Amino acid sequence: MLSYSLPTEALSHCAQPVKQIIPLTKKTEPKEPQRTVGFFQLFRYATCCEVFLMVIGLLCSAIHGIALPLMCVVFGDMTDNFVQSGQQYFTNLTSIYSNGTEIILNTQTKNAYYFVGIGCAVLLLGTFQVMLFLLTATKQTKRIREKYFHAILHQQMAWFDTHQIGVLNVRMTDDINTINEGLGDKICVFVQFFCTFLTGLIIGFVFGWKLTLVILAISPLLAGSAAVWSKILATLTSKELSAYAKAGAVAEEILVAIRTVVAFNGQKKAVEKYENNLEDAKNYGIKKAITTNVSMGLTQFVIFGAYALAFWYGTKLSVDEPENYTIGKTITVFFSVMIGAFSLGQGAPNLEAIAKARGAAYEVYKTIDQVPRPIDSSSKEGHKPDHVRGDIEFKDIHFNYPSRKEVKILQGVNLTVPRGKTIALVGASGCGKSTTIQLLQRFYDPDLGQITLDGHDIRTLNVKWLRENIGIVSQEPVLFGTTIAENIRYGKADATDEDIERAVKEANAYDFIAKLPDKLNTMVGERGAQLSGGQKQRIAIARALVKNPKILLLDEATSALDTQSESIVQAALDKARAGRTTIMIAHRLSTIRTADVIAGFSNGQVVEQGTHRELMAKKGVYYSLVMQQVLPPPGCIPNANPSPVLCFSLLKWPVVKALHFIDKEDESNLPDVPLSRILAMNKPEWPYLLFGVLASLVGGGVYPCVAILFAKIIGVFAEIDPEVKRQKTLMFSLLFLLIGGVAFVTYFIKGFMFGKSGELLTMRLRKQVFNAILRQEIGWFDDHENAVGVLTTRLASDASLVKGATGARLGLLTNCICTLTIAIVVAFVFCWQLTLLILACVPFLIGANFIQMRAMAGHASKDQGALEQSGKISTETVENFKTVVALTREDVFFYKFMDSLERPYKNGLVKAPIYGLTFALSQAIPYMVNAAIFRFGAWLIAHCYTQYENVFLVFSVIIFAAMNIGESSSFAPDFGKAKTAAARIIKLLEKDPEIDIYSEEGKKPSDFAGNIEFRGIHFAYPTRQNVKVLQGLNVSVGPGQTLALVGESGCGKSTSVQLLERFYNPAEGQVLVDGQDAKTLNLAWLRSQLGLVSQEPILFDCTITENIQYGDNSRVVSQAEIEEAAKKANIHDFIMGLPEKYNTSVGDKGTQMSGGQKQRIAIARALVRQPKILLLDEATSALDTESEKIVQQALDDARLGRTCIVIAHRLSTIHNADKIAVIQNGQVAEQGTHTELMAKEGAYFALVNAQVNH
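The structure displayed is predicted, hence computed values, not measured ones.

(A) Broad picture of helix α33 (residues 1053–1060). Summarising burial for α33: 8 of the 8 residues are buried, a large majority. Taken as a whole, α33 has its buried residues at Lys1053, Ser1054, Thr1055, Ser1056, Val1057, Gln1058, Leu1059 and Leu1060. Arg1062 occupies a position one or two residues after α33 and carries a positive phi of about 60°.

(B) Here's a closer look at the packing of helix α9 (residues 267–320) against helix α22 (residues 702–716). Where α9 meets α22, the closest approach of the two axes is 12 Å, and the angle between their N-to-C directions is 10°. In terms of their interaxial angle, α9 and α22 are classed as roughly parallel. Within the contact between the two elements, α9 uses Gln300, Phe304 and Phe311 and α22 uses Val702, Tyr703, Val706, Phe710 and Ile713. Considering only residue class, the contact of α9 with α22 consists of 7 nonpolar, 1 polar and no charged.

(C) Examining the pattern of salt bridges more closely. Tallied over the entire structure, the rule returns 24 salt bridges. Arg44 serves as the salt-bridge partner of Asp369, at 2.8 Å between the closest nitrogen and oxygen. With a gap of 325 residues between them, Asp369 in helix α10 (residues 327–369) and Arg44 in the loop between α2 (17–21) and α3 (48–91) connect regions that are remote in the sequence. Judged by its relative accessible area of 31%, Arg44 falls in the partly exposed class.

(D) Broad picture of the packing of aromatic side chains. Enumeration over the complete set of coordinates arrives at 31 aromatic pairs. Each ring, one from Tyr307 and one from Phe334, has its centre 5.0 Å from the other, and the planes form 80°; the classification is edge-to-face. Here Tyr307 is found in helix α9, whereas its partner Phe334 is found in helix α10, with 27 residues between them in sequence. Here Tyr307 and Phe334 have matching classes, each one buried. Ring plane angle 85° and centroid distance 5.2 Å describe the contact between Trp780 and Phe781, whose orientation is recorded as edge-to-face. Trp780 gets classed as buried once you look at its relative accessible area, which sits at 12%. Under the relative-accessibility criterion, Phe781 is labelled buried at 10%. Ring-pair connections join several aromatic residues into one group, and the members of that group are Phe304, Tyr307, Phe311, Phe334, Phe335, Phe710 and Phe736. Lys750 extends its terminal NZ or CZ atom over the ring of Tyr747, reaching a point 4.6 Å from the ring centre.

(E) Summary view of α10. A rise of 1.5 Å per residue sets the reference length of α10, with its 43 residues, at 63 Å; its end C-alpha atoms lie 61 Å apart and thus fit the reference within 8%. The largest bend in α10 is about 30°, located at Ala361. The element α10 is largely enclosed, with a buried count of 31 among its 43 residues.

(F) Geometry of the sheet that holds strand β12 (residues 1030–1037). Taken in spatial order, the 4 strands make up an open sheet running β12-β11-β14-β15, and their pairing is antiparallel. What marks the edges here is a single partner per strand, and that holds for β12 and β15 (1076–1077). Taken together, the 2 bridges between strand β14 (residues 1068–1073) and β15 define a ladder with antiparallel strand orientation. Along β15, the bridge assignment pairs Val1073 with Gln1076. Relative to the sheet, α33 contacts β11 (1012–1019), β12 and β14, its axis offset from that of β11 by approximately 115°.

(G) The nonpolar core, seen in detail. Core analysis: the largest hydrophobic core is formed by 88 residues, its most contacted members being Leu42, Ile179, Tyr365, Phe394, Leu440, Leu453 and Ile583. For this core, the leading source of residues is helix α4 (residues 96–153), giving 12 residues.

The rules we used
Residues numbered from 1 in each chain as written. Predicted model: local features only at pLDDT ≥ 70, side-chain atom pairs only at ≥ 80, totals over all residues. Heavy atoms only, no water. Buried < 20%, exposed > 50% of the residue type's maximum accessible area, 1.4 Å probe, protein only. Helix = DSSP H or I, 4+ residues; strand = E, 2+ residues; numbered from the N terminus. Axes fitted to C-alpha atoms, helices over the stretch in contact; angles between N-to-C directions. Parallel < 35°, antiparallel > 145°, perpendicular 65-115°, else oblique. Contact = heavy atoms within 4.5 Å. Nonpolar A, V, L, I, M, F, W, Y, C, P; charged D, E, K, R; others polar. Salt bridge = Lys/Arg side-chain N within 4 Å of Asp/Glu carboxyl O. Phe/Tyr/Trp six-rings, centres within 6.5 Å; stacked < 30°, edge-to-face > 60°. Lys NZ or Arg CZ within 6 Å of the ring centre and 35° of its normal. Expected span 1.5 Å × (residues − 1). Bend = angle between axes of the 7 residues up to and from the residue. Pairing = 2+ DSSP bridges. Core = buried A, V, L, I, M, F, W, Y, C linked by side-chain atoms within 4.5 Å.

Written out as structure tokens, the structure reads:
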């Protein structure tokens, strides 16, 4: 954009003046004064060599900045030569050939050489300034990423309690990218602009101080208006973003809980909630569009006013002081000062990028500097004994979590674990069992007391050595997104294949791994999503056993397993415990009876210790917990209460997550969308579009008119008569003002019309897309291309991208076509020869301008795609930090992270010279083109083909059009994205789901008994068609009865209930409800008859009242009903004890509540709709014994008079069911009552005995 002449520089600023001054600041949000690092501190990770290179880069950019004002001087001199030739033409026609030809050709040839010389210098300097800064920024950023990731990996656990994982991931990506922007070419570009500003002012004062002062008088007006608009715009932008952020959060919450939403028919409520949050974003968007365009229009008006004033006053000075002021000097002064002033405006956003980088660096550098860390796994300090015996002692341990100082967790724990013995910790949730294990691993240090290992205080031992000698298996095992073998190898870095195979066999995982196509090389998916809970647990056990640890910690290690797997894994664990010091935690007390010592916890203290028999004889804490869990003896008659519970397991939703980014999506199967189809989306807003296009049509004529006026004013100086000169200049100056007024009005109309139509379209599309997403069947959500992150990003970006392809783009096209048409017609009329030459140069100018516009966006951000892999590694590591630390694999993940940075780093080094060259080319091409044009223009004048005024007119009018087109073409990539976004939206809107929740079709029986039958069901999940889950399932349950489904993980228990909910349709067979195929019933009606309580209930981020009300979305649920449901679910008393009672917020996904509290709220939610069928999927498995007993009683009460299907691994919860069906390999192996099946001594008998014996 940086050519010297009127159209290519100053007037191009008119074309997009505020683009440089205002919108570049629009992303800033009003914040509290943020803490920043010092300017030089930002570069603290640069080496001496890099500092030297940056200094050279700064020198290059400073000299580069001088080039533009120098050009103004050459241009002024050249204009004087042309004007003199014009005056000669009028005064001495006869001598024109004798002297004039030679003089004008010689002087213009000399000026052309100046042009070329400055152009070459710019090419060289521009390349070096950008290249050097990008090279040094790439090196520094890589260093910062590595240091920051290393610092995070070696923080202590307490630090993570007070730092949100999401925030750390944002720092790792966005904040360091922001630092990269600040370290990159922004600084040198700012220095270049600043030198242009200084040189422009100096030249202005040297060549004509009076005119310079007059022009400068306008500057405060421009700067002031820009500052005011930018402030308003920043406020509106931040309000718009926060308004949409609310809607985005609503969408994410609903999509994460999509199964809960559809099970409770909550789609309508979800769409309404989303739409309400969109309204504010729309209003702010419209205000922003109007503000942007009004500010651009006003700025244009002020600039055209400046033209008017400068040329009027310049003419006056040239008449009053002809020896000091010629037209050449007037033009030199005017453009030097204007370009100087605008350079300051253009440089400002670069300063802003540096300020943002300083802000982002504060937290990043602070984390890197955080030493000393009391618990540092990278520290070499600490004693490393030669061998571990395994004697552990806890002496008077007091502890509170640093993030919750007011809550006392451990209050004087005394516990001794002799070597080779197994100690089991039991007690209610929250009594401090898991905390004890975390203290032993030195995740935290106790506030008082000490923990010793073999007589050494563990604080004196080397942290890494300590953790390497401890094997841990936790309740929710974390697997990493790699192969099974790699996951196990994280337990021991140098494990051989034999070691891994031995560990797999010990953990009873060998058989299921052998059946997988890739065996140990099978990818487990993100967070192990491709495996069932039991499979993940066994791999985690293998990982703990592979390093043959002396100390084994088992935190609820078998709670997620079905009975069959549990008994085998338990046997494996019993074998693994031999010769090792083992600490176990379990809610399921049958798993710990064989422990050498059992310690009962209560209120943060050990209240009793002894063997199973000793503690049973004591009849204390342990005895009461055991009695609540005991199964009736195998022969006794179960409770005769009819238990009409239809309980179902949703343990393994086949959610296959993958880290997929929208840009990576395969777009080959998207329909091709013509522009007409995209515009049709905006059809309801056609009046706005029509007026907007008309305004653009008028706006298109503004720049050619300005160019013509400019040439005419220069032509006036050939006038000999001073009075004629004054009159003509005054007239043209007033015309400049008039054009400014027209520009302002057209901008305002465009802003309002396109802003309004665009925001209405965006809101409508977002609502339609969200509606269409919620309409899809569950199988569609299982596809990784429709993961929650992908869908929320689409909602945020796709609709607003389409907006860019309709109104504003239509206006842009109209504007360009109008400008180009007028320009070419005018140019050919006045001088066709020069027009042809200029048209030949236009592609170069458009190309240069296009490169420049793209370069303005900053180069550093372009390489972010390459950083996806490192982002994935850092996210996975930070999210699963506890596991990484427990496995002492910080270095493994650190080196993986470093390796993933290598490719983007090398790309960055290769691209730096390319970016430098393209930037320099965009700066240098206009100089070369101008040299050619004016040299040829001089030849035409010398040979009487045209007059000098026409040369200026043709040059101005065409270059202007080129500027306009070049600028517009920089929007082209957005159009490509808009087409893709529109195609995605249309494809989704046109997709008819197989199971349509919005369909009104289907029967709605007036009376419903609750008779359920699965007849000949065959089924495989849509995303895993090769795995047959159900293979001829036949089972039924009568009205008011309870059917219990038991069997090992993956046998199809959960699946059968999902088919009843019609989340999926069976491949073969029928699900019959009261004798009618479920497919023939109205879907919403069917789901309204079902009450669902799943193993891991999802609550919404609202009050307890609203969560319970969600159970019935077809009506307004009264407070009395809510409280009644809460009482039945045994949660009412707890809620009344809270400060806000029923108005207490449960937090995001219910995080403010414990597992048992969430479960009971979920039960109240299911009961409030008074369902005919109750579905309980492992509804009590996540609870401790005491809560379980109470909730189980609530469930037994809730089952009365309802049909019920129960799925439970813990068989004590289902022994009183009317019918128990054992499912194996997708079929019913046997069914009957508890007594009948025990008498058969078949599969059920084996499962029960497996649990009783444990």
